[in-house]
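Letter by letter, the chains look like this.
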Amino acid sequence: MAIGQSETPARSPNGARPKRGVPEGLWLACPGCSATVFAKETERCMNCCPECDYHMYVSARDRIRHVLDDGTFEEWDAELLPADPLGFIDKKRYIDRLASEQARTGMRDAALTGCGMIRARRVAFGVTDSAFIMGSMGSVVGERLTRLVERATEQDLPLVIISGSGGGARMHEGILSLMQMAKISAALARFSEMGGLFISVLTNPTMGGVAASFASLGDLVYAEPKALIGFAGPRTIEATIRIELPEGFQTSEFLLEHGYIDRIVRRPDLKSEIARTIDYCGK
Amino acid sequence: MASEAFRLDFEEPIYALEKRVRQLEATEPKSAQLHEELRAKRRELADVTRTVYSQLDAWQIVRVARYPDRPKFSDYTNMVFDEFVELHGDKFYGDDRALQTGFAKLNEYKILLVGHQKGKTLKERNECYFGCAHPEGYRKAMAKMRLAAKFKMPIICLIDTPGAYPGIGAEERGQAQVIAESMFTMSLLPVPIICVVIGEGGSGGALGIGVGDRVGVLQFAYYSVISPEGCAGILWKSHKFAEDAARALRLTSDNLLELGAVDDVIEEPLGAAHRNPHQMATRLKIYLLRTLRELLEIPEEELLARRYARFRRIGHFIEEAPACDLD
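Just so it is clear, the structure is predicted and the values come from calculations on it, not from any experiment.

**Remarks on the domain arrangement of chain A**
Residue and element names in this part refer to chain A.
Part 1 of the argument: By domain assignment, chain A separates into domain 1 (24-56) and domain 2 (57-280).
Part 2 of the argument: A separation of 24 Å is found between the C-alpha centroids of domain 1 and domain 2.
Part 3 of the argument: Tallying the contact residues gives seven residues for domain 1 and nine residues for domain 2.
Part 4 of the argument: Interface area for domain 1 against domain 2, summed over the two sides, is near 830 Å², with a carbon-plus-sulfur share of 48%.
Part 5 of the argument: The largest share of the area that domain 1 buries against domain 2 comes from Met46, His55 and Met56, three residues that together contribute 65% of it.
Part 6 of the argument: Here domain 1 is connected to domain 2 by one salt bridge.
Part 7 of the argument: Between Asp53 and Arg266 there is a salt bridge, with its nearest N and O atoms 2.8 Å apart.
Part 8 of the argument: For the pair domain 1 and domain 2, the interface holds seven residue pairs in polar contact (both at pLDDT 80 or more).
Part 9 of the argument: Along the lines of polarity and charge, the residues of the side of domain 1 that touches domain 2 split into four nonpolar, two polar and one charged.

Rendered as structure tokens:
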């Protein structure tokens, strides 16, 4: 199910659309506390608000910088490009949407995969970017992540995937997107059978078919604070049951309370938490 | 015969002829002329039905798939299987009514049957949330499928759901996690698994019991990443564009076969399954028996390798020759 009704990763309380990617302006408004904060300072804090610690959007490229040791990322399967298998047209042709998203984000599709080092531990690493068609999973994201899992299995590497997807399975590729969920889950099942360690990190937002496949299948599931995580989008639920949703529903804290994630990890601590987990699991 | 309450507008010419045929059949005594007219009307009815059903668009097919009189899981448990011994409960939270599991007999084969139940009466429909399963449904299905694997019983899953239930309790009890875990589990079960979409193949709720060695779909069923209404709401900003979304999503059986999402399309009787549930059940039974016999011939390791490969190859993308100017 593709979820997520807004095209932006988050919306500030005053209704203004926050900028995607690293902010260009000198100042920016925090979507969490509305404080005007110095952009440079925010960037130094890995896009966390210096005032309230709200975890803002981070691009896939910046994720790599935050989590992997400098210069160690080696990209795999960069040659995979999205196509338009259905000839999908809504208000816009999918093929044009892909071109504009590629131009805007500098990504070929919503995921980057490869290998790299985390505090000198070699890992297979994948990250989705919630800015590229809402971080939704189509054939390319599914194929890249499946190949990543298969290489991690072959090379016996710990696997780390950082998810950010408000879109879940990508509607524009129809049933093919849905089937990517089964494809990756099957690859992860084999990886697990071989004794592989998979650390899944959920970030804001992780919804729909992404949440209902690889993101939930980690041996360890970590989440950034206050991320929106769930199966059905809040608006879908509200439309179905016609009551207002409780405060904090579908947040990381809500999931922790209900037993679905192992730890909430602040962004600046993520790298060392992953390294520690790998050590505990002896990988 | 279609009940008066739920009529499909595109079936109007069929209803009119069906009514006329019924009138003629009821007229006694029948003159030679009347017999002749009856024969002609029956022929016309068959022709019109064939024409209507050969020209359905994607949205009309979705409506046939959802049609209240369409045979459901509970009909097939009676018509396809010799026995259905329901096994309840996930032994953790509850017994979901939208996803039912149990032992069943398919001729000489003892199997585990798993299926979505939409209900027939309003009471039943409410009990099973119109076929939308909660996490306890998927937990139950997983538990019974593991049981089947332990005792070497093949598994048959009949899929018919608008989607997994979107609600507070469902989220609290890990809807996303159980669907993921179910696909993960099914990919490794060392017994044959046959999945057939008999009505609605609604997104993750369908795929949650949809990882099999063979996946079939009835001719007028659909299988989609999202409901046409949901897709229209997001991409067209209005549910009114469901018809356009249905077309764009390529969710009909012929599209699914072409895209490699399903392996087989099971042809429906003239005028779709709801006109002749018994004939539909017979065709489904033949399909299940034939497929099961084929799968039982395959050694376990090979079966699992093929199941993996079946899903592994799905997807459509462009793969350029590795270049050096990627950035």
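**Thoughts on the pattern of salt bridges**
Part 1 of the argument: According to the stated counting rule, one finds 57 salt bridges over all chains in the structure shown.
Part 2 of the argument: Residue Glu75 of chain A pairs with Arg144 of chain A through a salt bridge whose shortest N-O separation is 2.9 Å. A residue pair is termed long-range when its members are at least 10 positions apart, and Glu75 of chain A in strand β3 (residues 74-75) and Arg144 of chain A in helix α4 (residues 139-155) qualify at 69 residues.
Part 3 of the argument: On the accessibility criterion, Arg144 of chain A (3% relative accessible area) is buried.
Part 4 of the argument: One salt bridge in this structure joins Arg63 of chain B and Asp9 of chain B, with 3.4 Å as the shortest N-O distance. Taken as a pair, Arg63 of chain B in helix α3 (residues 58-66) and Asp9 of chain B in the segment before α1 (12-26) lie far apart in primary sequence, 54 residues in all.
Part 5 of the argument: Since its relative accessible area comes to 24%, Arg63 of chain B is described here as partly exposed.
Part 6 of the argument: Look at the salt bridges and you will find they share partners, linking Asp77, Glu143, Arg147, Glu150, Arg151 and Lys183 of chain A together with Arg312 and Glu319 of chain B into a network.

**Re helix α2 (residues 32-54) of chain B**
Residue pairs spaced three or four apart in an α-helix point in one direction, given the helix's 3.6 residues per turn.
Residue and element names in this part refer to chain B.
Part 1 of the argument: For α2, with 23 residues, the first-to-last C-alpha span of 33 Å sits near the 33 Å given by 1.5 Å per residue.
Part 2 of the argument: Looking only at α2, the buried set comprises Leu34, Leu38, Leu45, Thr49, Val52 and Tyr53.
Part 3 of the argument: For α2, the secondary structure elements touched by its buried residues are α1 and α3.

**A few points about the side chain of Lys140 of chain B**
Part 1 of the argument: Tracing the chain through its elements places Lys140 of chain B in helix α6 (residues 135-150).
Part 2 of the argument: Residue contacts for Lys140 of chain B: discarding those within four places in its chain leaves Leu87, His88, Gly89, Asp90, Asp95, Asp96, Arg97, Leu99, Gln100 and Thr101 of chain B.

**Structural notes on the domain arrangement of chain B**
Residues and elements named next belong to chain B.
Part 1 of the argument: When cut into domains, chain B gives domain 1 (11-55) and domain 2 (62-312).
Part 2 of the argument: Measuring from the centre of the C-alpha atoms in domain 1 to the corresponding centre in domain 2 gives 35 Å.
Part 3 of the argument: Surface buried jointly by domain 1 and domain 2 totals about 590 Å² across both partners, of which 58% is contributed by carbon and sulfur atoms.
Part 4 of the argument: Among the residues of domain 1 in contact with domain 2, Glu11, Thr49 and Tyr53 are the three that bury the most area, contributing 67% of the side total.
Part 5 of the argument: Between domain 1 and domain 2 we count two salt bridges in total.
Part 6 of the argument: For the pair domain 1 and domain 2, the interface holds three residue pairs in polar contact (both at pLDDT 80 or more).
Part 7 of the argument: If you list the elements that add at least two residues to the side of domain 1 that touches domain 2, you get α1 and α2.
Part 8 of the argument: Examining the composition of the side of domain 1 that touches domain 2, we find that four residues originate from one element, α2, more than from any other.
Part 9 of the argument: The residue inventory of the side of domain 1 that touches domain 2, partitioned by class, reads four nonpolar, one polar and three charged.

**A look at the confidence of the model for chain B**
Caution is warranted with low-pLDDT regions, since their predicted coordinates should not be read in detail.
Part 1 of the argument: On average, residues of chain B score 95 in pLDDT, and 97% of them are at 70 or above.
Part 2 of the argument: Reported confidence for the predicted complex is 0.95 by ipTM and 0.93 by pTM.

Definitions and cut-offs
- Residues numbered from 1 in each chain as written.
- Chains lettered and ligands numbered in written order.
- Predicted model: local features only at pLDDT ≥ 70, side-chain atom pairs only at ≥ 80, totals over all residues.
- Heavy atoms only, no water.
- Domains from an automatic or database assignment.
- Contact = heavy atoms within 4.5 Å.
- Buried area = accessible area lost by both parts, 1.4 Å probe.
- Salt bridge = Lys/Arg side-chain N within 4 Å of Asp/Glu carboxyl O.
- Polar contact = N/O pair within 3.5 Å; in protein donor to acceptor, adjacent residues only side chain to side chain.
- Nonpolar A, V, L, I, M, F, W, Y, C, P; charged D, E, K, R; others polar.
- Helix = DSSP H or I, 4+ residues; strand = E, 2+ residues; numbered from the N terminus.
- Buried < 20%, exposed > 50% of the residue type's maximum accessible area, 1.4 Å probe, protein only.
- Expected span 1.5 Å × (residues − 1).
- pLDDT = per-residue confidence, 0-100.

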